[in-house]
Amino acid sequence: MRANDLLDAIGNAKDEYVHAAKHNKKKRIPGWVKGLSAAACLVLVVGAGLFALAMIGGRAGGGGNSGSGLTYMSYDGPVLPLTLSEENSGITARRDIDFDFSPYLPREEFYEDSKGEMKPYIQYDDEAIVTDSYTLTNNSGEDISATAIYPFVGTLREKEYYPTVSVDGIKVDPELNYGQYSGGFTGVWGAPDNDHAVSLNLAPCDSFDSYERLLGSGEYIASAFDEPPILDQPVTVYKMSDYEYTSDPEAANPTLNMEFCIDPDETTVLTYGITGGTYNSEDGYCARQSGAIEYRPNASPERREPGNAYVIFVGEDIDSYTIQGYKDGGCDEGEELDDLGCTVTRRETTLGDILRELVFEEWDLDDRNDAQTLLELTSELIVTSGPLGDLVQRYDDGMLDTMIAEASSHSRVIYLEFDIVIPAGSSVKIDAVTVKEASIDFVGKDTERNGYDMATQLGSNIIFTEQRASVSEYGEIEIIRQNFGFDLSAGITEVSLDLNEPHYWMEVRKIKTD
Amino acid sequence: MDDNRIVELYWDRDESAIRETADKYGSYLHAIAMNVLAVHEDAEESVNDTYSDAWNSMPPHRPSILATFLGKITRRLSIDKWRARTAAKRGAGQTAMVLEELEHCVSGGEDVTETVEAKELSRFVNAFLADLPETERSVFLCRYWYMDPIDSIAKQFGFSQSKVTSMLFRTRNKLRASLEKEGVL
């Protein structure tokens, strides 16, 4: 088949599709708002500088197919099942999953007090060690080479919670494929109805239902294996460095203020190392401030001098700018500093190149492999929810520092990819061992519940013949609620799972001792 | 004039059907032709040929969406014209770029045209399109049916050009996977 054949075939697309393509103008909505109830969010009250935690219990609701209705303020996400890069009817699998609660065992730790003495304290962790094992059997008459994919919910920077995977007892070094940020954005809790801050806060997945919606169609896993976006947009970069410090003792927060004008339809302003500014004024006037421009002799060596600041123009460059020093971030008339300055370097490059420089050279990150992944995830964030995508209010200040930081901390589904070979008529065993944090509420009536859950088949194309679950090292916990069927007092610690049940869950609490 | 009324004029063999078609859809058809050919004179020729084809097609056809019916004729005629002059005019319009992009979906596969009829391939493509989310499908067709430039698509949907490019890249990958799964590739 040639491309011309495909072009002709596309020409025979259904009339209603062709017609809709020209009559389907996408509305620019501020981000992927998931429609969560206001009570399900950790919010920032704009202007007051306070955190207000909303009350939430384990109330049912939220829709979805699993039926549990459980939601959490901090949901660690379900244990997800193994899948294959390509469906293969010659392979069947049995799954055995164990929840080991040995981290709940108290242990003695030591801390150093103000006098330098080591004092003991008792520590335990609200974690379970989950061993998710698969016996894959090749029922065909030929050896099968396949690519296995083990998904888990995690973040770029919390490597300690990444699963370790072994095949027939031999540890493998899987390739990591990162999905996009799995959550959405939402407004400010308690804000008046006419407040337009509809996408100022993060709205992470808070229930199994949200993962069903995320993973059910197969689009999410597909995007995780896509090439990262190439940011080849031309940009003009103004870099502030080599600062000249003021000698004015009255300067509480020496600040450099850069002023310029733009046409918002032609220019997008991004920044790094900038601490404030004037944004989105109707006449195109803009300002960006870099504060704390002072030498700090008592700080650690790498923090004694302020970092470089960048103002980046995507699209049309500015005609001119002014830079003026002020005694503080108010940048008020009469508070100017004439001896505060910097060197401004202008250069033309691409957005991808400057972002690479910021991530690799400016951002505090040691592992070069992580820097590359962080660059790719930041690029993806910029084109999905950032200034080059469906811009959400959270990122509409154009601060790349925020986007880089959040690309590192956003919860997402990560896919471990590794090759397996199953000889004809034989089996291989895959073990994925993960330290799983409990899903919890921070406040409210159910703060003692620690949730652990799993999906039987969500996102998997493997033909399961059986799934079994077990609990071990459970002496320190009691199960409050569950749909597994464990009965610890009766010694029922292993159960067979119904493959028609998409979601299994349990909530435990540590047994209190006097 | 209402589309049904225009179609009736064709069925009545009333030559005012051509004038009414040109008034209502002339610029639409010209835009499709220009995306392919990038030369006004050639595009005009395609559009005029479309009117002639439409006259010869109705009856027996009675299209439910007249714009798309006519657009398909223009698209086909324009692509045929482009292919005829490809050696001399390669690179003009969007067609060369579109073909390069679609090449990714078929590269590396055996030439199985003798075993996959065009009709069957169209069926595969429509099944693929049916499974796409609406926006992704529309963006895909704007690029590969209408052959709109990337910046036009970005403006229509309120996306950045980078987002359009990324979306098309992902959809082409899906199409390739779908064709491989069907054994077409």
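These numbers come from a predicted model, not from an experiment.

1. Considering the overall build of chain B
Scanning chain B for helices and strands turns up 10 helices and 0 strands. The helix and strand sequence of chain B, counted from the amino end, reads α-α-α-α-α-α-α-α-α-α. Across the 185 residues of chain B, 54% fall into the buried class. A separation threshold of at least 6 residues defines the contact pool for chain B, and within that pool the share at least 24 residues apart is 64%. When the accessible surface of chain B is summed, it comes to about 8500 Å², and 49% of that surface belongs to carbon and sulfur atoms.

2. Some thoughts on a negative patch on the surface
Residues and elements named next belong to chain A. On the surface, Asp 242, Glu 244, Glu 305, Asp 332, Glu 333, Glu 336, Asp 338 and Asp 339 cluster together to form a negatively charged patch. Residue placement: Asp 338 occurs in the loop between β21 (336–337) and β22 (341–350). Taking the relative accessible area as the measure of exposure, Asp 338 reaches 76% and is therefore exposed.

3. What to know about the packing of aromatic side chains
Throughout the structure, instances matching the rule amount to 28 aromatic pairs over all chains. Ring geometry for Phe99(A) against Phe484(A): centres 5.8 Å apart, planes inclined by 70°, an arrangement best described as edge-to-face. With Phe99(A) in strand β4 (residues 91–100) and Phe484(A) in the loop between β27 (477–482) and β28 (494–496), this residue pair connects regions lying 385 residues apart in the sequence. Per residue, the accessibility class of Phe99(A) equals that of Phe484(A), and both read buried. A cation sits over an aromatic face here: Lys22(A) above Tyr146(B), 5.0 Å from the ring centre. Across the ring face of Tyr124(A), the terminal group of Lys510(A) is positioned such that the distance to the ring centre comes to 4.6 Å.

4. A few points about the environment of Asp23(B)
Looking at where Asp23(B) falls in the secondary structure, it is placed in helix α2 (residues 16–37). Separated by 22 residues in the primary sequence, Asp23(B) and Met1(B) have C-alpha atoms spaced 9.2 Å apart.

5. A few points about the pattern of salt bridges
All names here are of chain A. As enumerated under the stated definition, the model contains 37 salt bridges over all chains in all. Measuring nitrogen to oxygen at the nearest pair gives 3.1 Å for the salt bridge that ties Asp 113 to Lys 119. Assessed through its relative accessible area of 16%, Asp 113 is described here as buried. Classification of Lys 119 as partly exposed rests on a relative accessible area of 32%. Between Arg 468 and Glu 466 there is a salt bridge, with its nearest N and O atoms 3.5 Å apart.

6. Topic: the pairing of β4(A)
Strand residues, when the strand is regular, have side chains that alternate between the two faces of the sheet. Residue and element names in this part refer to chain A. Counting buried residues along β4, 8 of its 10 residues qualify, which places the element largely inside the surrounding structure. Inspection of the sheet shows β4 paired to strand β7 (residues 127–138) by 10 bridges, in the antiparallel sense. Within β7, the residue paired with Arg 95 across the bridge is Tyr 134. As paired elements, β4 and strand β26 (residues 463–472) share 9 bridges and run parallel to each other. Across the sheet, residue Ala 93 finds its bridge partner in β26, namely Phe 464.

7. Digging into the sheet that holds strand β14 (residues 234–244) of chain A
Residue and element names in this part refer to chain A. Spatially, the 4 strands line up as an open sheet ordered β16-β19-β14-β22, and their pairing is antiparallel. Edge positions in the sheet fall to β16 (267–272) and β22, since each has one partner strand and no second. The sheet shows a mean angle of 20° between the axes of neighbouring strands, direction not considered. Sheet topology note: the β14/strand β19 (residues 309–315) ladder contains 6 bridges and is antiparallel.

8. Re the side chain of Thr155(A)
Tracing the backbone shows Thr155(A) in the loop between β8 (144–154) and β9 (164–167). Every residue in contact with Thr155(A), bar those within four places of it in the chain, is listed here: Tyr162(A), Ser408(A), Ser409(A), His410(A), Ser411(A) and Ile414(A).

9. Considering unusual backbone geometry
Outside of glycine, negative phi angles account for most residues, and trans bonds account for most peptide bonds. Here Met58(B) and Pro59(B) are connected by a cis peptide whose omega angle stands at -10°. With respect to the secondary-structure elements, Pro59(B) resides in the loop between α3 (40–57) and α4 (66–84). Look at the link from Pro59(B) to Pro60(B): it is a cis peptide, with omega at 15°. We note that Asp168(A) has phi near 50°; this positive angle belongs to a residue other than glycine. Its place among the elements puts Asp168(A) in the loop between β9 and β10 (170–171). You can call Asp168(A) partly exposed: its relative accessible area is 47%. Despite not being glycine, Ala292(A) shows a phi value in the positive range, around 55°. Examined against the element boundaries, Ala292(A) turns out to sit in the loop between β18 (285–290) and β19. For Ala292(A), a relative accessible area of 28% puts it in the partly exposed group.

10. Quick look at the interface of chain A and chain B
Accessible area lost when the parts come together is the quantity often used to give the size of an interface. Contacts between the two partners involve 38 residues from chain A, matched on the other side by 52 residues from chain B. Approximately 4000 Å² of surface area, both sides summed, lies buried where chain A meets chain B, with 58% of it carried by carbon and sulfur atoms. The interface formed by chain A and chain B includes 4 salt bridges. A salt bridge links Asp226(A) to Arg170(B); the nearest nitrogen and oxygen atoms lie 3.6 Å apart. Broken down by secondary-structure element, the contributors of at least two residues to the side of chain A that touches chain B are α1 (3–11), α2 (15–22) and α4 (219–224) of chain A.

11. A look at the confidence of the model for chain B
In the predicted model, chain B carries a mean pLDDT of 84, and 90% of its residues have values of at least 70. Both scores are given for the predicted complex: the pTM is 0.64, the ipTM 0.84.

12. Observations concerning the packing of helix α8 (residues 134–144) of chain B against helix α9 (residues 150–157) of chain B
Residues and elements named next belong to chain B. At their nearest, the axes of α8 and α9 sit 10 Å apart, and the two run at 145° to each other. For the pair α8 and α9, the sense of crossing is right-handed. For the pair α8 and α9, the contacting residues are Thr 135, Ser 138, Val 139, Cys 142 and Arg 143 in the first and Ile 150, Ile 153, Gln 156 and Phe 157 in the second.

13. Quick word on the sheet that holds strand β11 (residues 175–181) of chain A
Residues and elements named next belong to chain A. Strand order in the open sheet formed by 4 strands is β3-β8-β23-β11, with antiparallel pairing between adjacent strands. Single-partner strands in this sheet number two, and they are β3 (83–84) and β11. With 11 bridges connecting them, β8 and strand β23 (residues 412–422) associate as antiparallel partners. The residue of β23 that forms the bridge with Val 153 is Val 413.

Procedures and definitions
Here the residue numbering is sequential within each chain, running from 1 through the sequence in written order. Naming scheme: in the order in which they are written, chains are lettered from A and ligands are numbered from 1. Only residues with pLDDT of at least 70 get local features here, since the model is predicted, and only at 80 or more are side-chain atom pairs given and counted; chain-wide, interface and lining totals rely on the full set of residues. Calculation of side-chain values draws on the structure's entire complement of heavy atoms; hydrogens and water are dropped beforehand. The way it works is that DSSP assigns letters per residue, a run of H or I at least four long becomes a helix, a run of E at least two long becomes a strand, and they are numbered from the N terminus. Only protein chains enter the accessibility calculation, which uses a 1.4 Å probe; a residue is then buried when its area is under 20% of its type maximum, exposed when over 50%, and partly exposed in between. Note on contacts: a residue pair qualifies if any of its non-hydrogen atoms lie within 4.5 Å across the two residues. What sets the accessible areas is the Shrake-Rupley method with a 1.4 Å probe; for residues, cover comes only from the shown protein chains. Residues form patches when they are more than 30% accessible in relative terms and have no salt bridge. Like charges link within 9 Å. Nonpolar side chains (Val, Leu, Ile, Met, Phe, Trp, Tyr) link within 5 Å. Put simply, a salt bridge is a Lys or Arg side-chain nitrogen that is within 4 Å of an Asp or Glu carboxyl oxygen. For the charge count, each Lys or Arg is scored as positive and each Asp or Glu as negative, with His and the chain ends excluded. Charge positions are represented by NZ for Lys, CZ for Arg, CG for Asp and CD for Glu. Any pair of Phe, Tyr and Trp rings, taking the six-membered ring for Trp, is counted once the centres come within 6.5 Å. Such a pair is stacked with planes under 30 degrees apart, edge-to-face with planes over 60 apart, and tilted for the rest. Distance and angle both matter: a charge sits over a ring if NZ of Lys or CZ of Arg is within 6 Å of the ring centre and within 35 degrees of the ring normal. Only strands that DSSP links by at least two bridges are regarded as paired with each other. The axes used here are C-alpha line fits, helices contributing only the stretch in contact, and every angle between their N-to-C directions lies in the interval 0 to 180 degrees. Summed over both partners, the accessible area (1.4 Å probe) lost when two parts come together is defined as the buried area. Scored between 0 and 100, pLDDT is the confidence that the predictor attaches to each residue. Left-handed describes a crossing in which the near helix is turned anticlockwise from the far one by less than a right angle; the clockwise case is right-handed.

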